[in-house]
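# Reading the structure
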Amino acid sequence: MIIDILKKNRQNGFLFLLVLLLFFHGASNLGYLLNNPLPEGKDSYAHITAFLNFSQIIFNGAENPFYISGKSLIYNLVFVSFDYPPFFYFIAFLINFFLGNIWLNAALFTSTLFFMLLLVSVYKIGSEFDRATGLLAVFICSVYPIVFSSSRHFSLELSLAGMVSAGVWILLKTDFFKRRNISCLLGVILGLGILTKQTFILYIAGPLAIVMGIAWTNSRREKEWVSINNMAICLLTAVAIGSVFYFNKNIYSSAIARAGFIGAVENNNIISLSHLTYYPRVWFQTMGIFFLSLFVFSLFLLRGIKKHLIYLLLFWFFVPMVFLSFFVLKYSEYTIAYLPAQALITAVGIRNIKNRYFNRVLISLIVIIGLYTYGNITYGNGKIFTSQYYPESVIASSSENSISEGDLFELLGSSYNRVGIFYDKKQPFAPAYILRGIFSQSNKKGQFVDILFSPSVFFNSIEEFDYLIYVSDSQNKWPEEKQLRRFVEDINKNRHSQIKIKHDLASDLMCKDKDLYLSEHLFKKLIGFNRRRLFKHRVKLYDKSNDCVEYVNIYQRER
């Protein structure tokens, strides 16, 4: 059937195969998420928290505990997190709004939709060479282990890659900014891109510089200023859209604080071998030897084709890799947004092979190994022809004197719950996030307040909590007042919003500029958990990413 369609109409045939591939990945991800309902991957639960807060602000408005007093509803939605822009959470809200009654965890499908956008964009970019190149590039990109694995995570990296790819596609459609309507559309895409994640500009900068440079040169030579005017309109549109988030000085304080975090490389000296070689090393680990070899091989086959497209793809790939190498904070998932360029370069090189027999054999190998890679990582042990990239997750397990994930669901029941999570660690760790996920599954209407993300709301809500999760370095013992004081001091060192102890009434708790005032007897409330009888539950957690077992205490207030 497929062969007949291809012979009858090549254009419809390619579109049919593209839709078939999109359906395959969409259905596969849906099945995976239904069987794995807890979010996976680094930072997934941080983003779940922001998404839940975003949703609750919309539905509850000023009555919501996450609503910042004295600020508009729009302000609270835009700055639901000072660490990240709101566009991803807005799309997750829409998905959950329309599908939430059908599927409890519908928001987890957000990355899959951005994955679809990425694949369609890659096809359209590849079609600038020819449709077969576009389809081959889509398949290659879709079976990169780190790409399809991340499409099941509730995180920003796939959404960032989707927006970057869409930006490059529309950029090419501007015809070097000769088309005003498309240039305006590009401005919208660029604006939404920087509202997806701050690093968007780093990935789009290379392609944008190539096209703008050519447009500027052509305009000067032809003494025609339409392209320059359209470039200005495009950039002003992007700035106007992005300014809704970037005008706030607090986001820059937050970014500076995060810039000092230590990522996958423990050494914080960026002029060191471990830092400068990190992304080339990760490149091999996240690709596997087969796909990496294909890319290197294809680099030697890029002659005799559209030069500006090749330069655009090379800049898209190498510019972010070089710049990211000079940041202390490094993670393998930061490569995802430039891997579509790698897939496109690989496809262009392979399609440029003159020997038809060798070309077909190589494409057949790509399909066979690509499908094997996909199946082996999704359903197998992922060791052959694949990568070392796996979703990082934590599993709650039963043991002596502990409760299992299923027991937690029974414990929570069907009632509305409010849960507080706090730490005596400087940074959160995965077991606390998995507990948040377990609680959130028990009832969609439950609320979570995490002191790391909303300290003022956390302390204001102490009297209303049904559960407190305490994540501790000190053998999970209930903290004394002096421990809480030290905890506040540690938070001050790592946050742009500082917490200060003030001998005043609890009602005086409020945010003023960068200071968060915390009354003395709020400590006593926290220690006593509103002076009601407490039921303690000890949970054993296995952290896959660190291969270790930890215990966390959950304190249930007497109802």
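A brief structural summary.

Assigned secondary structure in the chain consists of 24 helices and nine strands. Taking all 559 residues of the chain together, 54% fall into the buried category. Of the contacts formed within the chain by residues at least 6 apart in sequence, a portion of 73% connects residues at least 24 apart. Surface accessibility of the chain: about 25300 Å² in total, with carbon and sulfur atoms responsible for 59%.

A few words on the pattern of salt bridges. This model, assessed by the stated rule, comprises three salt bridges. With a shortest N-O distance of 2.6 Å, lysine 197 and glutamate 157 are connected by a salt bridge. Here glutamate 157 lies in helix α9 (residues 156–173) and lysine 197 lies in the loop between α10 (180–194) and α11 (200–222), a separation of 40 residues in the sequence. Residue class for lysine 197 comes out buried when judged on its relative accessible area of 9%.

Attention shifts here to the environment of leucine 292. Topologically, leucine 292 is positioned in helix α16 (residues 289–298). A sequence separation of 50 residues divides leucine 292 from glutamine 342, and the C-alpha atoms of the two residues are 9.2 Å apart. Apart from the residues lying within four places of it in its own chain, the contact partners of leucine 292 are Trp283, Phe284 and Met287.

Moving on, we get to helix α7 (residues 131–142). In an α-helix, one full turn covers 3.6 residues, which means residues spaced three or four apart are oriented alike. Compared with an ideal rise of 1.5 Å per residue, which puts 12 residues at 16 Å, α7 spans 16 Å between its outermost C-alpha atoms and is within 8% of the ideal. Of all the 12 residues making up α7, 11 are buried; the element is thus mostly covered by neighbouring parts of the structure. Among the residues of α7, Ala132, Thr133, Gly134, Leu135, Leu136, Ala137, Val138, Phe139, Ile140, Cys141 and Ser142 are the ones counted as buried. In this structure aspartate 130 caps α7, since a side-chain oxygen of it lies 3.1 Å from the backbone nitrogen of alanine 132.

Grouped together as the largest cluster of nonpolar side chains are 125 residues, with contacts concentrated most on Phe177, Tyr203, Trp316 and Tyr338. Here this core gets 10 residues from one element, more than from any other, and that element is α9. When residues no more than four places from it in sequence are discounted, the contact partners of phenylalanine 177 are Leu171, Ser183, Leu186, Leu208, Val211, Met212, Ala215, Val226, Ser227, Asn230, Met231 and Cys234.

Right, let's get into a nonpolar patch on the surface. Together, Ile58, Phe59, Phe97, Phe98, Leu99 and Ile102 make up a nonpolar patch on the protein surface, roughly 660 Å² of accessible area in all. Mapped onto the nonpolar patch, the elements with two or more residues apiece are α3 (44–60) and α5 (87–99). Tallying contributions element by element places α5 first for the nonpolar patch, with three residues. Checked against the element boundaries, leucine 99 lands in helix α5. The exposure class of leucine 99 is partly exposed, given its relative accessible area of 35%.

Between its first and last C-alpha atoms α11 spans 32 Å; for 23 residues at 1.5 Å apiece the expected length is 33 Å, and the two agree. At glycine 206, α11 shows its maximal kink, close to 35°; a proline, proline 207, follows between one and four residues later. Downstream of α11 by one or two residues, lysine 223 has phi in the positive range, about 55°.

Once that is clear, we can look at unusual backbone geometry. The backbone of aspartate 175 sits at a positive phi, close to 55°, despite the residue not being glycine. Note on placement: aspartate 175 falls in the loop between α9 and α10. Of note in the backbone geometry, phenylalanine 176 takes a positive phi value of approximately 55° without being a glycine. Position of phenylalanine 176 relative to the elements: it lies in the loop between α9 and α10.

Before going further, it helps to examine the side chain of glutamate 157. When its relative accessible area of 10% is taken as the criterion, glutamate 157 is described as buried. Of note is the side chain of glutamate 157, whose polar atom sits 2.6 Å from the side chain of lysine 197. Discounting chain neighbours no more than four positions away, the residues touching glutamate 157 are Lys197, Glu333, Tyr334 and Ile336.

To continue, consider the packing of helix α6 (residues 110–126) against α7. In contact at an axis separation of 7 Å, α6 and α7 are set at 150° when each is read in the N-to-C sense. Judged by the angle between their axes, α6 and α7 are roughly antiparallel. Relative to α7, the crossing made by α6 is right-handed. Together, Phe115, Leu118, Leu119, Val122, Tyr123 and Gly126 of α6 and Arg131, Thr133, Gly134, Leu135, Ala137, Val138, Cys141 and Ser142 of α7 make up the contact between the two elements. Within the contact of α6 with α7, the residues separate by chemical class into nine nonpolar, four polar and one charged.

Reading the values: rules and limits
- Residues numbered from 1 in each chain as written.
- Predicted model: local features only at pLDDT ≥ 70, side-chain atom pairs only at ≥ 80, totals over all residues.
- Heavy atoms only, no water.
- Helix = DSSP H or I, 4+ residues; strand = E, 2+ residues; numbered from the N terminus.
- Buried < 20%, exposed > 50% of the residue type's maximum accessible area, 1.4 Å probe, protein only.
- Contact = heavy atoms within 4.5 Å.
- Areas by Shrake-Rupley, 256 points an atom, 1.4 Å probe, with all protein chains shown as cover.
- Salt bridge = Lys/Arg side-chain N within 4 Å of Asp/Glu carboxyl O.
- Expected span 1.5 Å × (residues − 1).
- Polar contact = N/O pair within 3.5 Å; in protein donor to acceptor, adjacent residues only side chain to side chain.
- Core = buried A, V, L, I, M, F, W, Y, C linked by side-chain atoms within 4.5 Å.
- Patch = residues over 30% accessible without salt bridge, like charges linked within 9 Å, V, L, I, M, F, W, Y side chains within 5 Å.
- Bend = angle between axes of the 7 residues up to and from the residue.
- Axes fitted to C-alpha atoms, helices over the stretch in contact; angles between N-to-C directions.
- Parallel < 35°, antiparallel > 145°, perpendicular 65-115°, else oblique.
- Left-handed = near helix turned anticlockwise from the far one by under 90°.
- Nonpolar A, V, L, I, M, F, W, Y, C, P; charged D, E, K, R; others polar.

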